[in-house]
Amino acid sequence: MQDFHHNRAHALLEHAEPVATAEEVQAAVGRVADQLNLRFRDTEEASFPLVLGVMGGAVVFTGHVLPLLDFPLEFDYIHVTRYGDEDKGGQVVWKVIPRQSVEGKTIIVLDDILDEGETLAQVKERLLGMGAKEVIIAVFADKDLGRKKPVQADIVGLTIPNRFVVGFGMDVYGYWRNLPALWAISPEDLKAATLE
Ligand SMILES: O=P(O)(O)OC[C@H]1O[C@H](OP(=O)(O)OP(=O)(O)O)[C@H](O)[C@@H]1O
Ligand code: HPA
């Protein structure tokens, strides 16, 4: 079984093409942090935003961006998924909803990728429905689909091509969230690794 996963995970990377190096990834994280710091610097209101990381993909991005933020904040996570171990999105499933009140709060939602936008559209709608004052969406990567999405990100680290990508928290069939750089998986390798 271990051999199976080892081989399958490596086969998926065999023809992968680089999308962003580890250095470019870190530069993108820095840009997101700079924009958030600018937005929350010297705000008139006693702004104390609640940062919500959207697990599981946002775990790496969140871990890198949080220490770069220089304003007081509180942090929690939500867990929402719609891809599971697939390369195509399905229904949005909420595994963990916000565990504290969001009422009246400014929320910063951190996620790894805005792809078709279904996940973050639902997240934003739900948070606003729960009484959040404002929802600011910051994503590490925005996939250029060449069409309008149901939600826009307020802050984007990198705009990436319309390819299935992996690394920096993003997985392919559950593998390779741990890669420090971003790679596009070849469609043939994606197909070959599909389990019946
Ligand atoms: O814009 P969309 O097309 O909705 O896709 C974006 C979402 O897909 C990924 O989550 P996924 O469902 O793969 O779960 P994960 O975070 O556990 O990887 C990613 O973390 C985003 O939350
Ligand atoms: O391109 C992607 N890669 C990994 N996870 C994703 N979730 C949405 N799009 C992607």
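One can find the structure itself at the top, above this paragraph.
Now for a quick tour of the structure. Keep in mind that what you see is a predicted model, and the values were worked out from it rather than measured.

Now for the nonpolar core. Counting 51 residues, the largest nonpolar core has V32, V109, L110, A138 and F140 as its most contacted members. Among all residues touching V32, those that are not within four sequence positions of it are V65, A138, F140, I155 and G157.

On to the pairing of strand 5 (residues 106-114), then. Remember that side chains alternate between the two faces of the sheet whenever the strand is regular. Strand 5 sits mainly inside the fold: 9 of its 9 residues count as buried. Alignment of strand 2 (residues 50-55) against strand 5, held across 4 bridges, turns out to be parallel. By the bridge assignment for strand 5, V51 is matched with I108. Of the strand pairs in this sheet, strand 5 and strand 6 (residues 134-143) are connected by 8 bridges, and their pairing is parallel. When the bridges of strand 6 are listed, T106 appears paired with E134.

Taken together, Y83, I113, D115, F164, V165, V166, M170 and D171 make up all the residues around ligand 2. Looking at side-chain class alone, the shell around ligand 2 contains 6 nonpolar, no polar and 2 charged residues.

This part takes up the sheet that holds strand 9 (residues 182-184). In spatial order, the strands read 1-9-8; together these 3 strands make up an open sheet with antiparallel pairing. Each end of this open sheet is capped by a strand with a single partner; those strands are strand 1 (17-20) and strand 8 (165-166). With 2 bridges joining them, strand 8 and strand 9 adopt antiparallel strand pairing. Looking at the pairing, V165 lines up with A184 of strand 9.

On to the site of ligand 1. Close to ligand 1 lie 17 residues, the nearest being G57, Y83, D115, E116 and T119. Put simply, the parts of the chain that give the shell around ligand 1 at least two residues each are strand 5 and helix 4 (118-129). Tallying contributions element by element places strand 5 first for the shell around ligand 1, with 4 residues. Partitioned by chemical class, the residues of the shell around ligand 1 number 4 nonpolar, 6 polar and 7 charged.

An ideal rise of 1.5 Å per residue puts 27 Å on 19 residues; helix 2 (residues 22-40) measures up with 27 Å between its terminal C-alpha atoms. Those residues of helix 2 not exposed but buried are V25, A28, V29, V32, A33 and L36. Axial view of helix 2: buried residues confined to an arc of 135 degrees, hence all on one face. For helix 2, the exposed residues lying more than 90 degrees away from the buried face are E23 and L38.

Take the environment of G89 next. By the element assignment, G89 lies in the loop between strand 3 (74-81) and strand 4 (93-96). On the basis of neighbour counts, which here come to 15 C-beta atoms within 10 Å, the residue G89 falls in the partly exposed class.

All right, on to unusual backbone geometry then. Here the amide bond leading from M55 into G56 is cis, since omega sits at 0 degrees, within 30 degrees of zero. Summarising the element assignment, G56 is placed in the loop between strand 2 and helix 3 (59-65). Here the phi dihedral of F168 falls at roughly 50 degrees; this positive angle occurs in a residue that is not glycine. Mapped onto the secondary structure, F168 falls in the loop between strand 8 and strand 9. For F168, a count of 31 C-beta atoms within 10 Å puts it in the buried group. One non-glycine residue with positive phi stands out, namely W176, at about 70 degrees. Locating W176 in the fold gives a position in the loop between strand 8 and strand 9.

The rules we used
Residues numbered from 1 in each chain as written. Chains lettered and ligands numbered in written order. Predicted model: local features only at pLDDT ≥ 70, side-chain atom pairs only at ≥ 80, totals over all residues. Core = buried A, V, L, I, M, F, W, Y, C linked by C-beta atoms within 7 Å. Buried ≥ 20, exposed ≤ 12 C-beta atoms within 10 Å, placed from the backbone. Contact = placed C-beta atoms within 7 Å. Helix = DSSP H or I, 4+ residues; strand = E, 2+ residues; numbered from the N terminus. Pairing = 2+ DSSP bridges. Near = placed C-beta within 6 Å. Nonpolar A, V, L, I, M, F, W, Y, C, P; charged D, E, K, R; others polar. Expected span 1.5 Å × (residues − 1). Arc of directions from axis to C-beta.

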